[in-house]
Amino acid sequence: MERTLSIIKPDGVKRGLIGEVIKRLEANGIRIAAMKMIHMTKEVAQGFYAVHKEKPFFDSLTDFMSSGPIVVMVLEGEDVIKRYRELMGATNYKEAKPGTIRADFATDIEKNVVHGSDAPETAKTEIAYFFSELEIC
Ligand code: UDP
Ligand code: MG
């Protein structure tokens, strides 16, 4: 059993895609172990994306991620980190496989609807950034 952090980004929430994303998770046998809606401040978004702080897109990305509410979830399942990344599709929606969330809904390399942890270590840190053990069912 593995855990990963999923975020429905502000563009996904604004465009009414919460249900669509959750439907795809459940249809693929991925269990939601925790879920909440929050509105990050710029500082909280900067902390979450600290690994990208030297990147040219960091300022714009953290403005975007703090522009509105997001839905954060802990997902659980066998090999869920990789399986959820496959459902998400490539970072650049133009390169994402047809039928993935980003290929179907992203409008921009930045506004790409969803986030997912990329490895067990990052999943652990990212989950702990938003959830206490008590909030994970
Ligand atoms: N991003 C961007 N421009 C880029 C690369 C990434 O705006 O050239 C944004 C995009 O929203 C992406 C996030 O920064 O989802 C984090 O980038 P990462 O490379 O970690 O992609 P992900 O893990 O989300 O696929
Ligand atoms: Mg990433």
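Residues numbered from 1 in each chain as written. Chains lettered and ligands numbered in written order. Predicted model: local features only at pLDDT ≥ 70, side-chain atom pairs only at ≥ 80, totals over all residues. Heavy atoms only, no water.

Student: What's the story with the overall build of the chain in this structure? I'm lost.
Tutor: When helices and strands are tallied, the chain shows 7 helices and 4 strands. Counting from the amino terminus, the chain carries its helices and strands in the arrangement β-α-α-β-α-α-β-α-α-β-α. Compactness check: the chain gives a C-alpha radius of gyration of 14 Å against a globular reference of 14 Å for 137 residues, within 12% of the reference. Dimensions of the chain along its principal axes, counting C-alpha atoms only, are 35 × 35 × 25 Å. Each of the 137 residues in the chain was classed as buried or not, and the buried ones make up 47%. In the chain, once contacts between residues fewer than 6 apart in sequence are set aside, the share between residues at least 24 apart is 76%. Counting only carbon and sulfur atoms, one obtains 56% of the accessible surface of the chain, whose full area is about 7200 Å². (Helix = DSSP H or I, 4+ residues; strand = E, 2+ residues; numbered from the N terminus. Rg over C-alpha atoms; globule rule 2.2 N^0.38 Å. Buried < 20%, exposed > 50% of the residue type's maximum accessible area, 1.4 Å probe, protein only. Contact = heavy atoms within 4.5 Å. Areas by Shrake-Rupley, 256 points an atom, 1.4 Å probe, with all protein chains shown as cover.)

Student: Is there a simple way to explain the site of ligand 1 in this structure?
Tutor: Around ligand 1, the surrounding shell consists of Lys9, Tyr49, His52, Phe57, Leu61, Arg85, Thr91, Arg102, Ile109, Glu110 and Asn112. Measuring from an oxygen atom of ligand 1, one finds a side-chain N or O atom of His52 at 2.9 Å. Note that an oxygen atom of ligand 1 is positioned 2.8 Å from one of the backbone N or O atoms of Glu110. (Near = heavy atom within 4 Å. Polar contact = N/O pair within 3.5 Å; in protein donor to acceptor, adjacent residues only side chain to side chain.)

Student: Just to check I follow, could you spell out helix H4 (residues 58-65) for this structure?
Tutor: Since one α-helical turn is 3.6 residues long, residues separated by three or four positions face the same way. The set of residues buried in H4 consists of Phe58, Leu61, Thr62, Phe64 and Met65. Buried residues in H4, looked at end-on, bunch into an arc of 155°, giving them a common side. On its buried face, H4 is in contact with strand E1 (2-8), helix H1 (10-14), helix H3 (42-48) and strand E3 (70-77). (Arc of directions from axis to C-beta.)

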